[in-house]
Amino acid sequence: MNAQAAHAGGRGNQFDVLVVGSGIAGLYAALTAAPRARVALLTKGALDDGCSRYAQGGMAAAVGAGDSVELHYRDTIDAGRGLCHPDAVRVLVEEGGARVRELLDWGVTFDTQDGELLLAREAAHSRARIVHARGDGTGLEIESALISRVRRSGVTIKEHTEVVRLVVDDGGRCIGVETVDTQLGTTGCVAAGAVVLASGGASRLWRNSTNPESATGDGVALAYDAGAEVRGLEFVQFHPTALALEGAPRFLISEAVRGEGALIVNERGKRFVLDAHPAGELAGRDVVARAIWEELQRTGAPCVYIDCRPLGPTAPLRFPAIAHACVQFGIDITRDLVPVAPAAHYMIGGVSADLDGATTLPGLFACGEVASSGVHGANRLASNSLLESAVFAHRAAGAAINSLGEAEPPRFAAGAAERLPLRGSAEVRRLWSDLHDSLWSGAGVVRKPGGLRLALATATAAAGCAEPSLPAVRLRAAARTAGLVCSAALAREESRGCHLRSDLPQSSDQWHGDYVMHKERGARLDRHL
Ligand SMILES: Cc1cc2nc3c(=O)[nH]c(=O)nc-3n(C[C@H](O)[C@H](O)[C@H](O)COP(=O)(O)OP(=O)(O)OC[C@H]3O[C@@H](n4cnc5c(N)ncnc54)[C@H](O)[C@@H]3O)c2cc1C
């Protein structure tokens, strides 16, 4: 595409910084950039769509007495099973406190007692260090406060605007995006000096998932197709304890519940996680998910149970959203056991990003769940992802502005505007359904090569769907990302963190590194020293 060609949209569609996504990462990046640049924020649904608003437990930060960045650093590195990037973790823990204070300045109300932040304990954290809001409504509180601020910030907001392609000029620089209006089906484009991708994760692609519908991995497909490197895609975190009731959504039962004393038991009331790890219910997420999965395989039961009764009668006050969700299904958490099973929850891998969110594609930055910043290694420590989103969005926004030249933002020619049908065919719906099922059975909690190959074939078939409709455009992006996940999971011939292979149950020194993929250059292992 010729970057010098006349820009079809005029200055109204030309910005210094363009942010894609309106979860905590996108909002944080837009708010950081807004005082210094002309910023646009594009998001495919309403502003509050995305995973962020559903975050329950909170945001980890070493801000309490008796805690230290050193302890937070150590816990994060330990959880990551050898694959964390130490420099990224250092940035995460050292800048965490400043971001918590900034969120307070921006109007987020965290839970306090006697003027002090209340701090919760979660699995694999050696200290109580999780700041939270509205009990278990941390994401909703942060998202609401940031949305209210961004609406007053001068940022140009475009809701229901889905990015379907990153535009790259002849010099290999990302200069904008192509879009589809998700309510009208009309295509468009927006040019920018720098693009910050904050489009979230992909866990909704699995049949059983804690994520909302928006989490279909668009960002990985967009960046990969535009020529950016992606890495670590085999590491998909399965949350051990999502509500497991026929017909009910996989509502998350947060780790914070276990941090306050809830237990995991099997049908006979036995605490079986203790057999897998001495920390029992407070062991790392990968350990607990695997223990539950194996228990389900062993017994053939559809679920295990969380027993919240040790929390006493005040549990609904501390966890109002969880208590409310359970009541909808006739479960009183002060009295009844809560049926749970693992569900796809968080994409650890993503678009390779450095400490400033810069990807390998000039002009493109990435932050939040879509990025692989290196902080989570092979297994994310609970409540580190809201923190990661804030810390690296702040950095990415600053770096995006610093990357802008003196010149006007780029211009490029858009193709003729089209109108895509908003409804897809029955064939597209079938391909979507097959993709969800094949990922769950083939690339789920514990993987086998045969299942991964089947899932890869299903993803490849879906990616080949040529139908000209918005659901088909989305399917192709989702299938692209799903195929990359399966390829990476097939390539990594070991088990590590949340990537578990039944045929290769041990970790191997040979795989002590990041599996990196590039559209033209192929794949390689970047070994950690
Ligand atoms: C139920 C649940 C509970 C959680 N609890 C916690 C917790 O307690 N602590 C914690 O640290 N983490 C938690 N997490 C994880 C955490 O919420 C997410 O990792 C984090 O919010 C990701 O933020 P984000 O801004 O990167 O992505 P999101 O919040 O998912 O936002 C992505 C945005 O990008 C938009 N988008 C996507 N594709 C496109 C496209 N093609 N074009 C335009 N826009 C697009 C989406 O609509 C959305 O606005 C939880 C997650 C879930 C699902």
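Read on for a plain summary of the structure. Model, not experiment: these values are computed from the prediction.

1. What about the overall build of the protein chain?
Part 1: Helices and strands together make up the secondary structure of the protein chain, namely 14 helices and 23 strands.
Part 2: Compactness check: the protein chain gives a C-alpha radius of gyration of 22 Å against a globular reference of 24 Å for 529 residues, within 12% of the reference.
Part 3: Each principal axis of the C-alpha distribution contributes one length, and for the protein chain these read about 70 × 55 × 50 Å.
Part 4: For the protein chain, the proportion of its 529 residues judged to be buried stands at 60%.
Part 5: When contacts within the protein chain are restricted to residue pairs at least 6 apart in sequence, those whose partners lie at least 24 apart make up 71%.
Part 6: Counting every atom, the protein chain has about 19800 Å² of accessible surface; 50% of that belongs to carbon and sulfur.
Part 7: Across the protein chain, the centroid of the 54 positively charged side chains sits 2 Å from that of the 60 negatively charged ones.

2. Examining the site of the ligand
Part 1: Taken together, 38 residues form the shell around the ligand, and within it Ser-52, Gly-58, Glu-369, Ser-385 and Leu-386 come nearest.
Part 2: In this structure, a nitrogen atom belonging to the ligand sits 2.7 Å away from a main-chain N or O atom of Gly-58.
Part 3: A distance of 2.9 Å separates a nitrogen atom of the ligand from a polar atom in the backbone of Val-163.
Part 4: Calculation on the ligand without its partners gives an accessible area of 1000 Å², and the protein chains cover 98% of this total.
Part 5: Elements with a minimum of two residues in the shell around the ligand: α1 (24-33), β9 (161-168), β16 (338-347) and α11 (384-402).
Part 6: Each residue belonging to the shell around the ligand can be placed in one class, and the counts come to 11 nonpolar, 21 polar and 6 charged.

3. Details of the environment of Leu-92
Part 1: As for its position among the elements, Leu-92 is in helix α3 (residues 86-105).
Part 2: Owing to a relative accessible area of 0%, Leu-92 belongs among the buried residues under this scheme.
Part 3: Separated by 59 residues in sequence, Leu-92 and Ala-33 have C-alpha atoms that sit 20 Å apart.

4. Looking at unusual backbone geometry
Part 1: Of note, the phi angle at Asp-114 is positive, near 50 degrees, even though the residue is not glycine.
Part 2: Looking at where Asp-114 falls in the secondary structure, it is placed in the loop between β4 (112-113) and β5 (116-117).
Part 3: In this structure, Arg-134 is a non-glycine residue whose phi angle is positive, near 50 degrees.
Part 4: Position of Arg-134 among the secondary structure elements: in the loop between β7 (130-131) and α4 (138-150).
Part 5: Arg-134 sits in the partly exposed class, given a relative accessible area of 40%.

5. Observations regarding the pattern of salt bridges
Part 1: If you walk through the whole model with that rule in mind, you get 35 salt bridges.
Part 2: Residues Arg-90 and Glu-94 are paired through a salt bridge, measuring 3.8 Å at the closest nitrogen-oxygen approach. In this pair, Arg-90 and Glu-94 are both assigned in helix α3, 4 residues apart and thus about one turn of the helix distant.
Part 3: For Arg-90, a relative accessible area of 25% corresponds to the partly exposed category.
Part 4: The partner of Asp-356 in a salt bridge is Arg-395, and the shortest N-O contact between them spans 3.2 Å. In this pair, Asp-356 is assigned in the loop between β17 (350-352) and β18 (364-366) and Arg-395 in helix α11, connecting sequence segments 39 residues apart.
Part 5: Classification of Asp-356 as partly exposed rests on a relative accessible area of 34%.
Part 6: Overlapping salt bridges, with partners in common, bring together Glu-229, Arg-521, Arg-524 and Asp-526 in one network.

6. Structural notes on the sheet that holds strand β13 (residues 236-243)
Part 1: Taken together, the 4 strands give an open sheet; going across it, the order is β13-β16-β15-β14, and neighbouring strands pair in antiparallel fashion. Every other strand in the sheet has two partners, leaving β13 and β14 (263-265) as the edge strands with one partner each. For this sheet, the mean inter-axis angle between neighbouring strands, taken without regard to orientation, is 45 degrees.
Part 2: As defined by bridge partners, strand β15 (residues 304-307) adjoins β16 across 3 bridges and the pair is classed as antiparallel.

7. Here we look at the packing of helix α5 (residues 218-226) against helix α14 (residues 470-491)
Part 1: At their nearest, the axes of α5 and α14 sit 8 Å apart, and the two run at 80 degrees to each other. Classified by the angle their axes make, α5 and α14 are roughly perpendicular. Note on element contacts: α14 touches α5 through Ala-477, Arg-480, Thr-481 and Leu-484, opposite Val-220, Ala-221, Tyr-224 and Asp-225.
Part 2: Looking at the contact of α5 with α14, its residues break down into 5 nonpolar, 1 polar and 2 charged.

8. A word on the packing of aromatic side chains
Part 1: By the definition in use, this model includes 5 aromatic pairs.
Part 2: One aromatic cluster in this structure is built from Trp-206, Phe-238, Trp-293 and Trp-440.
Part 3: For the cation-ring pair, Arg-38 lies above Phe-15, with the distance from its terminal atom to the ring centre recorded as 5.4 Å.
Part 4: Across the ring face of Tyr-346, the terminal group of Arg-380 is positioned such that the distance to the ring centre comes to 4.1 Å.

9. Describing the environment of Ala-358
Part 1: When you line up the elements, Ala-358 lands in the loop between β17 and β18.
Part 2: Under the relative-accessibility criterion, Ala-358 is labelled partly exposed at 22%.
Part 3: Along the sequence, Ala-358 and Ser-373 sit 15 residues apart, while their C-alpha atoms lie 9.7 Å from each other.
Part 4: When near neighbours in sequence (up to four residues on either side) are disregarded, Ala-358 contacts Ser-352, Ala-353, Leu-364 and Phe-365.

10. Quick notes on the side chain of Glu-122
Part 1: Its location among the elements puts Glu-122 in the loop between β6 (119-120) and β7.
Part 2: Of the side chains bearing the opposite charge, Arg-285 lies closest to the buried Glu-122, which forms no salt bridge; the N-O distance is 5.2 Å.
Part 3: At a separation of 2.9 Å, a polar atom in the side chain of Glu-122 contacts the side chain of Ser-383.
Part 4: The residues contacting Glu-122, other than those within four sequence positions of it, are Gly-57, Gly-58, Ile-130, Ser-254, Glu-255, Ala-256, Ala-382 and Ser-383.

11. Considering the pairing of strand β22 (residues 513-518)
Part 1: Of all 6 residues making up β22, 6 are buried, and the element is well covered by its neighbours.
Part 2: The sheet contact formed by strand β12 (residues 230-231) and β22 spans 2 bridges and is antiparallel. The partner of Val-230 across the bridge, within β22, is Met-517.
Part 3: Here 6 bridges tie β22 to strand β23 (residues 522-527), and the two strands are oriented antiparallel to one another. Bridge pairing in β23 links Met-517 to Ala-523.
Part 4: Connecting β22 to the next strand, β23, in antiparallel fashion are 3 residues.

Analysis parameters
Once a new chain begins, its residue numbering starts again from 1 and follows that chain's sequence as written. Under the rules for a predicted model, residues below a pLDDT of 70 receive no local features and side-chain atom pairs below 80 are neither given nor counted, while totals for whole chains, interfaces and linings still include all residues. Excluding hydrogens and water, the side-chain values take into account all heavy atoms of the structure. Strands here are runs of E lasting at least two residues and helices are runs of H or I lasting at least four, both read from the DSSP assignment and numbered beginning at the N terminus. Atoms counted for the radius of gyration: C-alpha only. Globule rule: 2.2 Å times residue count to the power 0.38. Relative accessibility decides the category of a residue: with a 1.4 Å probe and only protein chains considered, values under 20% of the type maximum give buried, values over 50% give exposed, and everything between is partly exposed. Contacts were defined at the residue level, with two residues in contact if any of their heavy atoms lie within 4.5 Å. Every accessible area reported is derived by Shrake-Rupley at a probe size of 1.4 Å, with residue values counting cover from the shown protein chains alone. Residues counted as positive are Lys and Arg, residues counted as negative are Asp and Glu, and His and the chain ends are not counted. All charge positions are set by atom: Lys at NZ, Arg at CZ, Asp at CG, Glu at CD. Only heavy atoms are used to decide nearness, and a residue is near a molecule or strand if one of them lies within 4 Å of it. Any pair of N or O atoms that falls within 3.5 Å is considered a polar contact. Within protein, one atom must be able to donate a hydrogen and the other to accept it, and sequence-neighbouring residues count only if both atoms are side-chain atoms. For this scheme, ten residues count as nonpolar: Ala, Val, Leu, Ile, Met, Phe, Trp, Tyr, Cys and Pro. Four count as charged, namely Asp, Glu, Lys and Arg, and the remainder, Gly too, count as polar. When a carboxyl oxygen of Asp or Glu lies within 4 Å of a side-chain nitrogen of Lys or Arg, that pair is called a salt bridge. Here a strand pair is declared whenever DSSP counts at least two bridges between the two strands. Angles run from 0 to 180 degrees between N-to-C directions of axes, and those axes are lines fitted to C-alpha atoms, restricted for helices to the stretch in contact. Each angle receives one of four descriptions, namely roughly parallel if under 35 degrees, roughly antiparallel if over 145, roughly perpendicular if within 65 to 115, and oblique otherwise. Stacked, edge-to-face and tilted are the three classes for Phe, Tyr and Trp ring pairs, Trp counted by its six-membered ring, which pair at centre distances within 6.5 Å; planes under 30 degrees apart are stacked, over 60 edge-to-face, the rest tilted. In our convention, an over-ring charge means Lys NZ or Arg CZ found within 6 Å of a ring centre and within 35 degrees of that ring's normal.

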